[in-house]
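# Coordinate analysis (summary)
In case you want the letters, here they are:
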Amino acid sequence: MSVDVVTLGEPLYELNQQEDRRFLAGFGGDTMNVAVAARRLGASAAMITKLGADPFGDEIEGLLRDEGVEVGAVTRHPTGPTGLYLVTHGKSGHSFSYYRKGSAASLMAASDVPEALIASAKYLHVSGISQAISDTALGTVDRAIELARGAGVPLSYDTNLRTRLWSVAAARPVVDRTARQTRFLKTSLEDSEALLGLTDPARIAAHFLGLGCEIVVVTLGKAGVHLAQVSGQETIAGFPVQAVDATGAGDAFTGAFLAELVAGRGPAQAARFANAAAALSTLGYGAIQPLPRRADVEGFLKQP
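Since the model is a prediction, treat every value here as computed from it, not as a measurement.

### Things to note about the sheet that holds strand S6 (residues 83-90)
The sheet built from four strands is open, its strands ordered S3-S2-S6-S7 with mixed pairing. Edge strands, defined here as strands with exactly one partner in the open sheet, are strand S3 (23-28) and strand S7 (93-99). Between one strand axis and the next, the sheet turns through 25° on average, direction left out of account. When strand S2 (residues 12-17) meets S6, the two strands line up parallel, connected through five bridges. Its bridge partner being in S6, glutamate 14 is matched across the sheet by tyrosine 85. Packed onto the sheet, helix H2 (residues 55-67) meets S2 and S3 and runs at close to 95° relative to S2.

### Some remarks on the packing of helix H9 (residues 249-262) against helix H10 (residues 267-281)
Here H9 crosses H10 at 145°, and the two axes come no closer than 8 Å. As H9 runs across H10, the sense of the crossing is right-handed. Touching Ala249, Ala252, Phe253, Ala256, Phe257, Glu260 and Leu261 of H9 are Pro267, Ala270, Ala271, Phe273, Ala274, Asn275, Ala277, Ala278 and Ser281, all from H10. Among the residues forming the contact of H9 with H10, the class breakdown is 13 nonpolar, two polar and one charged.

### Section: the environment of glutamine 18
Structurally, the position occupied by glutamine 18 is in the loop between S2 and S3. Once the C-alpha coordinates of glutamine 18 and valine 244 are considered, the two residues, 226 residues apart in sequence, prove to be 9.8 Å apart. Every residue in contact with glutamine 18, bar those within four places of it in the chain, is listed here: Leu24 and Tyr285. Reaching out from glutamine 18, the side chain makes a polar contact with the backbone oxygen of asparagine 16 at a distance of 2.8 Å.

### Structural notes on the side chain of glutamate 10
Here glutamate 10 lies in the loop between strand S1 (3-8) and S2. The class of glutamate 10 is buried, set by a relative accessible area of 4%. At 2.9 Å, the side chain of glutamate 10 and the side chain of arginine 100 are in polar contact. A polar atom in the side chain of glutamate 10 sits 2.5 Å from the side chain of serine 103. Dropping the residues within four chain positions of it, glutamate 10 is found in contact with Gly28, Gly29, Thr31, Met47, Thr49, Gly83, Arg100, Ser103, Ala105 and Ile133.

### Considerations on the environment of alanine 169
By the element assignment, alanine 169 lies in helix H6 (residues 168-179). The sequence separation of alanine 169 and leucine 195 amounts to 26 residues, and the corresponding C-alpha distance is 8.2 Å.

### A short note on the layout of surface pockets
In this model, the largest pocket occupies a volume close to 1,300 Å³. Contributing to the lining of the largest pocket are 44 residues, with His94, Gly221, Ala246, Ala249 and Gly250 lying nearest its centre. Among the elements of the structure, helix H1 (30-40), S7, strand S10 (184-188), helix H7 (189-196), strand S12 (224-229), H9 and H10 are those that each provide at least two residues to the lining of the largest pocket. In terms of residues, the lining of the largest pocket owes the most to one element, H9, which gives four residues.

### Some words on the environment of proline 290
Secondary-structure assignment places proline 290 in the loop between H10 and helix H11 (294-302). Between the alpha carbons of proline 290 and aspartate 245 there is a distance of 9.4 Å; along the sequence they are 45 residues apart. Among all residues touching proline 290, those that are not within four sequence positions of it are Arg40, Leu280, Ser281, Gly284 and Tyr285.

### Some points on the packing of aromatic side chains
For the structure shown, the criterion picks out six aromatic pairs. Ring geometry for tyrosine 13 against phenylalanine 27: centres 5.6 Å apart, planes inclined by 90°, an arrangement best described as edge-to-face. In this pair, tyrosine 13 sits in strand S2 while phenylalanine 27 sits in strand S3, placing the two residues 14 residues apart along the sequence. Judged on exposure class, the residue tyrosine 13 and its partner phenylalanine 27 are both buried. With centroids separated by 5.7 Å and ring planes inclined at 15°, the aromatic side chains of phenylalanine 253 and phenylalanine 257 adopt a geometry described as stacked. In this pair, phenylalanine 253 and phenylalanine 257 both sit in helix H9, four residues apart, roughly one turn of the helix. Given the relative accessible area of 2%, phenylalanine 253 is considered buried. With relative accessibility at 0%, the residue phenylalanine 257 sits in the buried group. One aromatic cluster is present, built from ring pairs that chain together Tyr13, Phe27 and Phe56.

The rules behind each value
- Residues numbered from 1 in each chain as written.
- Predicted model: local features only at pLDDT ≥ 70, side-chain atom pairs only at ≥ 80, totals over all residues.
- Heavy atoms only, no water.
- Pairing = 2+ DSSP bridges.
- Helix = DSSP H or I, 4+ residues; strand = E, 2+ residues; numbered from the N terminus.
- Axes fitted to C-alpha atoms, helices over the stretch in contact; angles between N-to-C directions.
- Contact = heavy atoms within 4.5 Å.
- Left-handed = near helix turned anticlockwise from the far one by under 90°.
- Nonpolar A, V, L, I, M, F, W, Y, C, P; charged D, E, K, R; others polar.
- Polar contact = N/O pair within 3.5 Å; in protein donor to acceptor, adjacent residues only side chain to side chain.
- Buried < 20%, exposed > 50% of the residue type's maximum accessible area, 1.4 Å probe, protein only.
- 1 Å grid on protein atoms, 1.4 Å probe; cavity = no way out; pocket = protein on both sides within 12 Å on 5 of 7 lines; lining within 4 Å.
- Points joined across faces, edges and corners; volume = space filled by probe spheres on them.
- Phe/Tyr/Trp six-rings, centres within 6.5 Å; stacked < 30°, edge-to-face > 60°.

Here it is as structure tokens:
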């Protein structure tokens, strides 16, 4: 049995600040967001991770089960806790405070990667955060990529640079060698300015295409995305909405884009659909709760 999208990374318990200053409990973590987003849009999904043997871990595993994400490769660590993060909102947007040091996911090891699950995937998705949370997590990602390459499974990669987790100097060579093995790479203007010293989307895309990526997406915030393939580049406009929280917008885009690719849509069509999914994901608080379903996106795209 094949799985459309297998993700590897760290799920987190989320506390998201509301307008009345109280915190709403929820869930997040970039690669889990991608798995849930893809699943809600019709793709099958599975996740590889390690959770704490604690109530937060119970809730996250329950969420994944409820969403239909396969959890056969979700294991528990007897002492490492499930990671936690807080989202606060201000005039400059949202900001994050993380409590994840020594988390169960950061204690993942290469032996935690199930070869059969990787081989069954249509895409393996990992991120810079998956790599940055610890040296053993980096080794786990490397092992998953090795198995995927051996099985002919294409890699999806989000640079998702977090300088709280590792320095730009440490991240740069890892991102570079991962990009050389990637079919679909998503990055942002902010990540690429830090990693490459580039701010022009076309030059950023050309850099990653030159490393061997087949599809590159540079996110442009409200302006949409810059999509590049060997055959050419184009900017695909975003959709204006009254956003309240953009916490999981980038992951909503990635999950939607992958769901469209495995459904046989071309990259340009997939990017427009994913732009709509990302816009809709900003209409509610939290990373997971506002992720749209296919009917929501299709209805939104039919609006004049």
